[in-house]
Amino acid sequence: MVYAVVRAGGRQEKVEVGTIVTMDRIKADKDGNVELAAVLLVDGDTITSDAKSLAKVKVTAEVLGDLRGPKIVIQKFKNKTGYKKRQGHRQELTRVKVTGIK
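Rules of the game
Residues numbered from 1 in each chain as written. Predicted model: local features only at pLDDT ≥ 70, side-chain atom pairs only at ≥ 80, totals over all residues. Heavy atoms only, no water. Pairing = 2+ DSSP bridges. Helix = DSSP H or I, 4+ residues; strand = E, 2+ residues; numbered from the N terminus. Buried < 20%, exposed > 50% of the residue type's maximum accessible area, 1.4 Å probe, protein only. Contact = heavy atoms within 4.5 Å. Salt bridge = Lys/Arg side-chain N within 4 Å of Asp/Glu carboxyl O. Core = buried A, V, L, I, M, F, W, Y, C linked by side-chain atoms within 4.5 Å.

Enquirer: Account for the pairing of strand β6 (residues 59-68), naming residues and giving values.
Expert: Summarising the sheet, strand β4 (residues 33-43) and β6 pair through four bridges and their orientation is antiparallel. Across the sheet, the residue bridging to Glu35 is Thr60, located in β6. As defined by bridge partners, β6 adjoins strand β9 (residues 92-101) across nine bridges and the pair is classed as antiparallel. Of the residues in β9, the one forming a bridge with Asp66 is Thr94.

Enquirer: Give me the lowdown on the pairing of strand β1 (residues 2-8), citing residues and values where you can.
Expert: When you tally the buried positions in β1, you get five out of seven residues, the bulk of the element. Pairing geometry for β1 and β4, over six bridges, is antiparallel. Looking across to β4, one finds that Ala4 is bridged to Leu41.

Enquirer: Describe the environment of Asp31, and please don't skip the residues or the numbers.
Expert: Assignment of secondary structure puts Asp31 in the loop between β3 (20-24) and β4. Given a relative accessible area of 57%, Asp31 falls into the exposed group. Each C-alpha atom of the pair Asp31 and Ser49 lies 30 Å from the other, and the pair is 18 residues apart in sequence.

Enquirer: Run through the environment of Arg95, naming residues and quoting values.
Expert: Tracing the backbone shows Arg95 in strand β9. In contact with Arg95, not counting residues within four places along its chain, are Ile20, Val21, Thr22, Glu62, Val63, Leu64, Gly65 and Leu67.

Enquirer: I'd like to hear about the pattern of salt bridges, residue by residue, with values.
Expert: In total, this model carries four salt bridges according to the counting rule given. Here Asp66 ties to Arg25 by a salt bridge, and the two come within 3.7 Å at their closest N and O atoms. Of the two residues, Asp66 sits in strand β6 while Arg25 sits in the loop between β3 and β4, which places them 41 residues apart along the sequence. Given a relative accessible area of 48%, Asp66 falls into the partly exposed group. Glu92 is the partner of Arg25 in a salt bridge, and the nearest nitrogen-oxygen pair spans 2.8 Å. With a gap of 67 residues between them, Arg25 in the loop between β3 and β4 and Glu92 in strand β9 connect regions that are remote in the sequence. You can call Arg25 partly exposed: its relative accessible area is 36%. You can call Glu92 partly exposed: its relative accessible area is 32%.

Enquirer: Explain the nonpolar core to me, using residue names and the numbers behind them.
Expert: Within the largest apolar cluster, 17 residues are counted, with the highest numbers of intra-cluster contacts made by Leu36 and Val59. Within the residue set of this core, elements represented by two or more residues are β1, β3, β4, β6 and β9. Here this core gets four residues from one element, more than from any other, and that element is β4. Contacts of Leu36, omitting those with residues within four sequence positions, involve Val6, Arg7, Met23, Val59 and Ala61.

Listed below in structure tokens is the structure:
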């Protein structure tokens, strides 16, 4: 069983070939593919975490589409001062499917 832990938009995700991951918005190349940076590689019995060895590892993925996350409502209130603030946010996301770990 081969899997890798990749850096995906400020977080780390455990991926195998065929895994679909939702991460922060990233740009794809003209073919719709992206390359993810590996942090850890597990290949059977061997575990690779050395930076020099991981520089040779390529985790490729194809972009399935861009989407937006759920709306988050931010409310601030201070008692007795009349201060109220309401703000909303929706995170820009990208859904990718891992196609290869080399």
